[in-house]
Structures are given as C-alpha cells and as structure tokens.
Amino acid sequence: MKKYILLPALALCALAAQAQDFDSKPTVTIDNEKEDLHFTVGARFMADAAYYHSDFTPLQSGASITDARIRTSLTYKDWYFYADFGFGGGKFSQKNIFLQYSQEDKQGGRHDIKAGYYNDPAGSMARNTSLGSYHFISRAGASNALGEGRELGVSYKYSNPTFMAYQGVFTENQYNKIDAGYNGIVLAGRYQYRPIHDGQQTLMVGGNIRYQHVGGGVTENNVLKKTITLGQSLETYVDDDEQFVSCSLPWAENVVDAGAEALYHNEKVFVRGEYLYKHVSKKRDSKTLFEASNNNIDTWGTLDAWMAANPLRSNNFHAGYIEAGYLIFGNPYQFDSREGVLKGLSGKALEIVGRFNYTGLNDIVKGEYYSAGRNQYYPDGYMADYPYNSSSVGGGAIRSYTIGANYSFNRFVQVMIDYTYHRLSKDFLPYDKNFHTVQARLQFVF
C-alpha cells in the first residue's frame, strides 16, 4: 500500500517543484534513485477558433482541436529518450522520437549525440521552436513554406552560453515509403554566436545551411520523376488550406537551403527574425521522354525542338519574417542556449506581440504571358496555338501582418489571440488579394 501512495506523491512533488515554460520536458516525474532512472509523462492540448474574411475564395471559419499529444521521456545517467504522439485533427501521428547521449566538458560546454526522428537543425529557428513555446498562434509562414520539419537521422551538437554548432545527416522519408527511386539524403547544420548572454539579456546571430539530394519519386514513361512541394497556410490551423501560397516542382534533383537568423531579448522585450533562401536544381532524361512523345501524331520532330518546348531550369525562392514582443508583466524572457531558441511564457504573464512575414513562391520568367483559364504561362508573351510548357513557377507571394496578445494563467494554461492581415499576389487567383483572420487559442501543457 505504501508503494502505491509513494509514487503519486513523488509525481506531485516534482510537479510542484519545477518552473517551466510551455515546452519544457513533461512535468510529472517518477524517480528511481537507486537505478538513477527518471521517467516523465505529460500532455499538450490546443484548441483554436478562427474567423476569416476574404475577397473571393472563402475559408472555413470555425473551431478545431489543432493539437493534442502525449509526451514521455526517460533519463538514465547520460542517456535521454523522448517520444511524443499526436492526436490532433482526429488522427494519430508520430511526432518526435529520439535517443540522446550527452556529456559536459570542463570548459562548460555540452556535447549531444542524437538519433531518431526530430526537427532538422537547418529547418529554421522557428521550426526548431516548439509550437507550445511559440509567442504566436502559428509560426511565421516563411518558416512553414521554406523551412523543413522532422526527419530521420543522426546529429552532433556542441553548445555553450556563447556558441552552438549543430549538424547532422538525415533521410527525406522516415519510413522509406516511396513509389520509385530510393530514400534521399540530407546534410544540415545550424550555427549560432551569442556575444551577449548573461541570463538577463541575449544577443544572438546565426545561420544555417542544408543540402538535399532528392531520391524518391514516381515512374513516368520509364523515367524517374522526382517532385517536391512547397507551401504554407494563411498562418492558421483551423483552415490550413495551402492553395493560396504553394507550388509543385517536378524533376527536382538537388535542394540547397540557406538562412540567417538573429535575436535579441532582455527581461521585457524580444526581437527576432529570419531570412530563408531555397534553390532547387532539376534533372530529367529528356531523350527517353522525347522518344515516348513520338508515339502519337503530335510529335515535335527533333529532340532539340522538344527541349525548346519543354524548358527546364533551376528555381529560387526567398522568404523571411521579423517578430517582436513586450512583456507587460510576468517572469522575464529567457533564452535556451542548448536549443538556441527563445523560451515561452512561464507562470502568470501577459504580453503583446507583432510580426511581419513575407513568403515568395513566384519564380516567373520576365515577359511571359499567363492564362488563368489554362493555369499556364507562355514563353513568347502570348497564348500559343500549340500548347507548350514554361519554366515559370507562380506559387504566389504574400505579405502578412500580425498583432496579438497572450495571457498565461499559470505555467500550464495559456490563452492567445491574433489578428492577421494578408496581402496576396498570385496569377492563378487574381480576385484574391486581401485576407483578414481573427483567431484565438486555449492551450494546456504539462
């Protein structure tokens, strides 16, 4: 009987003793001191409500459970295992699951070797900050469109209060479920320098670099066709439609991402931002595709003519954002030097925040004509009688302006409210220019 009383008592003591932001490790702890074994369990729940107003294409206003998950961890000496599983949207999904070995050196640095399924280190500062600790209802659209999320791999990280170097090797598909080809490879790294970091304020500058060789695709006319898709919602989760800002890039071969990040905070103010760049190179077996096209009456005659009518080139995209917040009252802002991100609110607090975001998924050749009826660009500046392809990409460009307020009742419960105005430019949706969104969130994390 004493055993059954003792375990809940230990858990409650740990629950009461820890001060945490909204994305620290799970709170409820069960310790086995004899074996140096520590198990934690927690949960996260987010429910959003949103109202949308648009010029032409409607979005579905309403409410949704946008995230619900169980979070667990196990610590044994220098080893740490973490796993969380999501139930948001009414579907089960695997989130982070990884094993980490850590050592501290005599100079105050920390060495982490990590393996499993978790965020790509070069996926942007925003994507490496959990949504549970974010100061807006949604991450910036730029980070969702050009940043990368979780991948399966292994990484090494060195961190101290002044510097962080975090790099790893990953695959593009964690289950190797591809129709044709093979699982591609990713090399990624994120690096930071912090000239100021004294516990009360932090100044950080950093950058990231990522290389991906795309491996998997589908077979088309006996040719492997590899495609990547880029996109973002209108910085909301109730209606996460990506049709307004998205593009599909067939024949993708290699992807190079590069980014820069900066952050400053003191006890009452934070300012942070990122610039993201993505370069996608392409490759195909033009000769085989040309020969396959000769099996009908509409042949191009020569390979050169076919290639002129089906141009192929690399694409380049740019995006970025800047965010700021002011703490009206509550525990001071804190920086996590181990993860290289700003922590979330902790304890009773009230803050106001603002953000500007730009996402550009247009890469259009100057002078080309666009037909909305055919959703096609024409290289000569007018609609041709014989349809042929263009290398232009019209994924859309959007500018988003957000203001918001966040109030945490305690270290577990928080409410958030955001208003966002979007200005869209997309040839395929000429009547959609202005979008207004008001959304709120109830969040519970322990």
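Whatever comes next refers back to the structure up there.
All values derive from a computational prediction rather than experimental measurement.

Here is what the cut-offs are and how they apply
Note that residues are indexed from 1 along each chain, following the sequence as it is written. Selection of residues for local features in this predicted model requires a pLDDT of at least 70, selection of side-chain atom pairs for listing and counting requires 80 or more, and totals for whole chains, interfaces and linings are taken over all residues. Excluded from the side-chain calculations are hydrogens and water; all other atoms, namely the structure's heavy atoms, are used. Two strands qualify as a pair provided that DSSP identifies no fewer than 2 bridges between them. The helix count covers DSSP runs of H or I at least four residues long, the strand count covers runs of E at least two residues long, and both are numbered beginning at the N terminus. Type-normalised accessible area, obtained with a 1.4 Å probe on protein chains alone, sets the label of each residue: buried when under 20%, exposed when over 50%, and partly exposed for intermediate values. Here the arc refers to the directions that run from the helix axis out to each C-beta atom. Contacts are assigned to residue pairs that have any heavy atoms within 4.5 Å of one another. In this scheme Phe, Tyr and Trp rings, the latter by its six-membered ring, pair at centre separations within 6.5 Å, and the angle between planes marks the pair as stacked below 30 degrees, edge-to-face above 60, and tilted otherwise. Each ring is checked for a lysine NZ or an arginine CZ that lies within 6 Å of its centre and within 35 degrees of its normal; such an atom marks a charge sitting over the ring.

Caption draft 1: Expanded view of the pairing of strand 5 (residues 93-104). Two elements, strand 4 (residues 79-86) and strand 5, share seven bridges in a ladder whose sense is antiparallel. Bridge pairing links Phe85 to Gln94 in strand 5. Counting the residues in the hairpin turn of strand 4 and strand 5 gives six residues, including Gly89, whose phi is positive at 70°. In this structure, the hairpin formed by strand 5 and strand 6 (residues 110-119) is closed by a connection of five residues, where Gly108 is found at a positive phi of approximately 90°.

Caption draft 2: Region of interest: helix 3 (residues 286-293). If you check which residues of helix 3 are buried, you get Ser286, Leu289, Phe290 and Ser293. The buried residues of helix 3 all sit within an arc of 100° when viewed along its axis, so they share a single face. The inward-facing, buried residues of helix 3 abut strand 12 (216-220), strand 13 (223-225) and helix 4 (303-309).

Caption draft 3: Representation of the packing of aromatic side chains. In total, this model carries 19 aromatic pairs according to the counting rule given. Ring centres of Tyr370 and Tyr377 lie 4.6 Å apart, and the angle between their planes is 50°; on these two criteria the pair is classed as tilted. Judged by its relative accessible area of 14%, Tyr370 is buried. Tyr377 gets classed as buried once you look at its relative accessible area, which sits at 8%. Between Phe444 and Phe446, the aromatic rings sit 5.7 Å apart at their centres with planes inclined by 55°, giving tilted as the arrangement. Note on Phe444: relative accessible area 34%, which makes it partly exposed. Connected via pairs of aromatic rings, a cluster forms that spans Tyr80, Tyr82, Phe98, Tyr118 and Phe170. The positively charged end of Lys177 is found above the aromatic ring belonging to Tyr175, 5.5 Å away from the centroid.

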